[in-house]
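Structural characterization, general
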Amino acid sequence: MRRPSPRPPLAILAALFAEASVTDRPFTCVQADNFLNAQYTVPVGVGTPEQYLSCVMDSGSFELLLSSAECIGCGKHRKFNRSLSATYSSKQPDESITTIFGQGKVVSQPIYDRARVGNLTVGRQSMLLMQENGLRDFGDGAYDGIVGLGVSGLARETDPDLSLLSALGVDSFSICFGQYDNEPGRVEFGTPVSGLDAEYSEFAVLGNDHWHIELSGVAVVAKDGTRTEIGGCSAEEGGCSAIVDSGTSLIAAPKEILNAAGGLLDAIGDVDPNCKGISQLPTIELTLGRGESARVVSLPPELYVANMEVEDEPVTTKLLASHRPGLPHRVDRNATHSVRATSDPFNDFRQRLHAATWHAQLSLAAAADPSTQRASSAGSPRVSEACVALFMDMELQSDQPGKPWILGLPLMRAYKARFDRKARTVGLAKLPLGTKYCTSCDHMTIEPPTAVADFFPAASLTATPLRAKHTVQLALQPQHPQPPQHQHRTHASLASTHPHLRMSMRSLHLPSWAR
């Protein structure tokens, strides 16, 4: 097992690098803009005067990575121009860093400048400015940069520079997203002064690199209460683990558990490609932790099924051809990563999606309804769509015991996730189906379910389910000054009030270590 590299005391580093204008208990809440239900971004102010970029809040990486004016391949995105900032300073000696993300490779240059998220500010923050951008479909995405919110207190493993969270003096942050089509999300840095706003169940973090927790069981519960246990995660079978990652659009599971006969997809059953009867599909239950500390989290079908758009197979294959397995995360630093993918993570998901769109087209052709197949313009590839379960297989290698899963955005629509770097825990608070709590930073409470049936028949469970409860009302501080209101980027073909989540294959975001 790789030993963690020596790390300087964070208190000393904070005094040297962080001039954070925060209180003894820093806190801010920021609304996250929704792009195709696959990417959520928050405005980050950089430099003096502030230049605003829309950034993905990524719990699976560590760096603050931004598009820059000198970047090759950054397209029409907003870019940070260091020459316009009075507080910019270079890093000496000058160096270049190559980072491998799930979407491709980025070559960047480390610098220092002022950074602000909500009402929290750092006077001298380490950040990476993109020089060469090879991220797949970056031009079609909504994000201009990535804010790494990983477990580490450092921005880079072999560098004394602090991560943004450490520089802000923030030990914890929380993330959740709206449950319906085009709804925004909610990101909190720090602990609300008014106290906890939900009952969390806490899970210990495994290792030092990711928000990695133990997963000890998987089950599928039908509407009539029939419970099907899915094999592969028991202690006798070697167990499983799960990385809670806000930078991944889907849920990734080991192929042997997801696709095998009698596996998870078999137990879920057929998802109607035309999105009929979604609410009648079973609920998925994941047991996190083990023994007396185990708790069950549930995903209702409304939150694990989406109407997915995909282009013709030749085009999609070309778009994904650059993905190769097994590359380290930071190639210039010769660092290894504790988790990495060993196969194309979209391969089986793409095939399943194409099969679903084909069946949808057949059924609608019989009804003379061509609405789910179209060409975006003359000469453009044909586009199809179908409802599918938001699970992909991803064969991962990990230095933690058990077969690794990735719990991405679908989990954070069903639960508010709190990441605590000091306590080294991930907390999950259940959100009732239909709540609007995660769509803004307004004064709101998480109310218990009323019209939605309880997904947990108590007599059938050995682990304790997580439940929502009545809570105190938050008194959130206004964010001042407010960032400028940017025009929301959307996809004309998908922007609608469709009752189901609508997504595009091109917009899906992979975890930072997938390749």
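To keep things clear, this report deals only with the structure shown in the data block. (Residues numbered from 1 in each chain as written. Predicted model: local features only at pLDDT ≥ 70, side-chain atom pairs only at ≥ 80, totals over all residues. Heavy atoms only, no water.)

Right, let's get into the environment of A219. Here A219 shows up in strand β13 (residues 212–221). In sequence terms A219 and T283 are 64 residues apart; their C-alpha atoms lie 8.5 Å from each other. Apart from residues no more than four positions distant in its own chain, A219 is found in contact with R227, T228, E229, I230, T283, I284 and E285. (Helix = DSSP H or I, 4+ residues; strand = E, 2+ residues; numbered from the N terminus. Contact = heavy atoms within 4.5 Å.)

Strand β8 (residues 120–133) sits mainly inside the fold: 11 of its 14 residues count as buried. As defined by bridge partners, strand β4 (residues 64–66) adjoins β8 across 2 bridges and the pair is classed as parallel. Its bridge partner being in β8, L65 is matched across the sheet by L128. With antiparallel pairing between neighbouring strands as the criterion, strand β7 (residues 104–117) and β8 make up a hairpin whose turn holds 2 residues, including G118 at a positive phi of roughly 60°. (Buried < 20%, exposed > 50% of the residue type's maximum accessible area, 1.4 Å probe, protein only. Pairing = 2+ DSSP bridges.)

Right, let's get into the packing of aromatic side chains. Tallying each qualifying case throughout the model produces 6 aromatic pairs. Ring centres of F173 and W211 lie 6.0 Å apart, and the angle between their planes is 75°; this geometry places the pair in the edge-to-face category. Of this pair, F173 sits in strand β10 (residues 172–177) while W211 sits in the loop between β12 (201–204) and β13; the two residues are 38 residues apart in sequence, bridging distant segments of the chain. A single burial state applies to F173 and to W211, both of which are buried. Considering the side-chain rings of W211 and F419, the 5.2 Å spacing of their centres and the 65° angle between planes classify their relative orientation as edge-to-face. Of the two residues, W211 is situated in the loop between β12 and β13 and F419 in strand β26 (residues 415–420); the sequence distance between them amounts to 208 residues. (Phe/Tyr/Trp six-rings, centres within 6.5 Å; stacked < 30°, edge-to-face > 60°.)

On to unusual backbone geometry, then. Leave glycine aside and you will find that most residues have negative phi; peptide bonds, for their part, are mostly trans. A cis amide bond, omega -5°, links T48 with the succeeding residue P49. You can see P49 is positioned in the loop between β2 (39–46) and β3 (51–58). Residue Q92 is joined to P93 through a cis peptide bond whose omega torsion reads -5°. Mapped onto the fold, P93 is located in the loop between β5 (89–90) and β6 (97–101). Phi angles above zero are rare outside glycine, and L36 is one such case at about 60°. Here L36 shows up in the loop between β1 (27–35) and β2. On the accessibility criterion, L36 (5% relative accessible area) is buried.

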